[in-house]
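Spelled out, the chains give:
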Amino acid sequence: MQRDANTTTPEPRDPAYWDGAMRAVAERRDRTSFLSIYDHFMPRVLRYLMNLGAPRPVAEELAQEALLRVWQRAHSFNPARASLCTWLFRIARNLHIDRVRREPYWVHVQEGLIQLDRHTATTSTSETYTEAAGLRRQLDQLPANQARMIRMSYFEGKTHREIASELQMPLGTVKSGLRRAFIKLQVQMKAKP
């Protein structure tokens with residue numbers, strides 16, 4: 001959904017304004033309210049997705065999809081549970097995660113972690129050992145805190161909450177750190193000959 005560059009809409013910061021706009025979309029399918037939401041949030045969602053590592057064309061596609069879902073699921077928005085901003089960015093983040101998980105390199109990273117976890121020197125073939133050693137080297141190339149969180153999560157079987165408690169970090173920081181680590185591993189897997 002492309003908007004005319006000459007349109008101007010106010011950019012209110014009051015969540016109550018956006019709650020009212022969402023109510024209008026949900027109850028009356030009010031296009032003007034939706035376009036106000038679109039104009040305000042589209043560049044912000046796009047920037048957010050690009051900061052998560054999505055290339056611009058992918059970020060544009062995901063941002064469009066996120067705003068389309070806002071239109072389609074307006075009736076399920078509950079301002080008592082989250083602001084429109086929070087709800088929309090959660091939709092965008094979930095779309096991004098789903099897309100990353102569908103990429104073939106995500107599967108290779110996940111398979112590599114599982115192999116490394118199961119690897120023992122006495123039962124592995126030389127090929128499995130080589131793959132596990134390669135994955136260890138890639139893990140060692142990550143920032144130390146990200147590599148540690150991956151090891152805690154996948155090799156020690158700790159939950160995100162347990163990792164946050166042990167490292168004395170906020171839960172959201174652990175989750176985003178793990179996500180960034182997987183993106184870096186994914187990039188490394190793509191670059192691997």
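Look a little higher up for the structure.
Residues numbered from 1 in each chain as written. Predicted model: local features only at pLDDT ≥ 70, side-chain atom pairs only at ≥ 80, totals over all residues. Heavy atoms only, no water.

## Comments concerning the overall build of the protein chain
We apply this condition: Numbered from the N terminus, helices here are DSSP runs of H or I no shorter than four residues, and strands are runs of E no shorter than two. Residue exposure (1.4 Å probe, protein chains only): buried if accessible area is under 20% of the type maximum, exposed if over 50%, otherwise partly exposed. Note on contacts: a residue pair is in contact if any heavy atoms of the two residues lie within 4.5 Å. Surface accessibility follows the Shrake-Rupley procedure with a 1.4 Å probe radius. Residue values consider only the protein chains on display as shielding.
Counting secondary structure elements, the protein chain contains 9 helices and 0 strands. Counting helices and strands in the order they occur from the N terminus, the protein chain gives α-α-α-α-α-α-α-α-α. The buried share of the protein chain, reckoned over its 193 residues, is 39%. In the protein chain, the proportion of contacts linking residues at least 24 apart, taken out of those at least 6 apart, comes to 59%. Accessible surface computed for the protein chain: about 11600 Å², of which carbon and sulfur atoms make up 50%.

## Examining the environment of Arg161
Its place among the elements puts Arg161 in helix 8 (residues 160-167). For the pair Arg161 and Gly172, spaced 11 residues apart in the sequence, the C-alpha separation amounts to 9.4 Å.

## Topic: the packing of helix 1 (residues 15-28) against helix 2 (residues 31-51)
Selection rule: Note on geometry: axes are C-alpha line fits, over the in-contact stretch for helices, and angles between N-to-C directions span 0 to 180 degrees. Convention used here: angles under 35 degrees read as roughly parallel, angles over 145 as roughly antiparallel, angles from 65 to 115 as roughly perpendicular, and any remaining angle as oblique. For any pair of crossing helices, the crossing counts as left-handed if the nearer helix is rotated counterclockwise from the farther one by less than a right angle, and right-handed if it is rotated clockwise. Charged residues are taken to be Asp, Glu, Lys and Arg, nonpolar residues to be Ala, Val, Leu, Ile, Met, Phe, Trp, Tyr, Cys and Pro, and polar residues to be all remaining types, Gly included.
At a minimum axis distance of 8 Å, the contact between helix 1 and helix 2 shows a crossing angle of 135 degrees. As the angle between them shows, helix 1 and helix 2 are arranged oblique. Judged by the twist between their axes, the crossing of helix 1 over helix 2 is left-handed. Residues Tyr17, Trp18, Ala21, Met22, Ala24 and Val25 of helix 1 touch helix 2, and the partners they reach there are Ser33, Phe34, Ser36, Ile37, His40 and Phe41. Among the residues making up the contact of helix 1 with helix 2, the classes are represented as 9 nonpolar, 3 polar and no charged.

## A closer look at the packing of helix 2 against helix 3 (residues 56-72)
In the contact formed by helix 2 and helix 3, the axes pass within 9 Å of each other and the chain directions differ by 145 degrees. Crossing hand, helix 2 versus helix 3: right-handed. Contact with helix 2, carried on its side by Arg31, Phe34, Ile37, Tyr38, Met42, Val45, Leu46, Leu49 and Met50, involves Arg56, Ala59, Glu60, Leu62, Ala63, Gln64, Leu67, Val70 and Trp71 of helix 3 and no other residues of that element. Here the residues of the contact of helix 2 with helix 3 sort into 14 nonpolar, 1 polar and 3 charged.

## Some thoughts on the side chain of Ser33
When you line up the elements, Ser33 lands in helix 2. Owing to a relative accessible area of 15%, Ser33 belongs among the buried residues under this scheme. Excluding residues within four positions of it along the chain, Ser33 makes contact with Ala21, Ala24 and Val25.

## Focus: unusual backbone geometry
The backbone of Arg29 sits at a positive phi, close to 55 degrees, despite the residue not being glycine. As for its placement among the helices and strands, Arg29 is situated in the loop between helix 1 and helix 2. Backbone geometry places Gln168, a non-glycine residue, at a positive phi of 55 degrees. By relative accessible area, Gln168 is classed as exposed at 75%.

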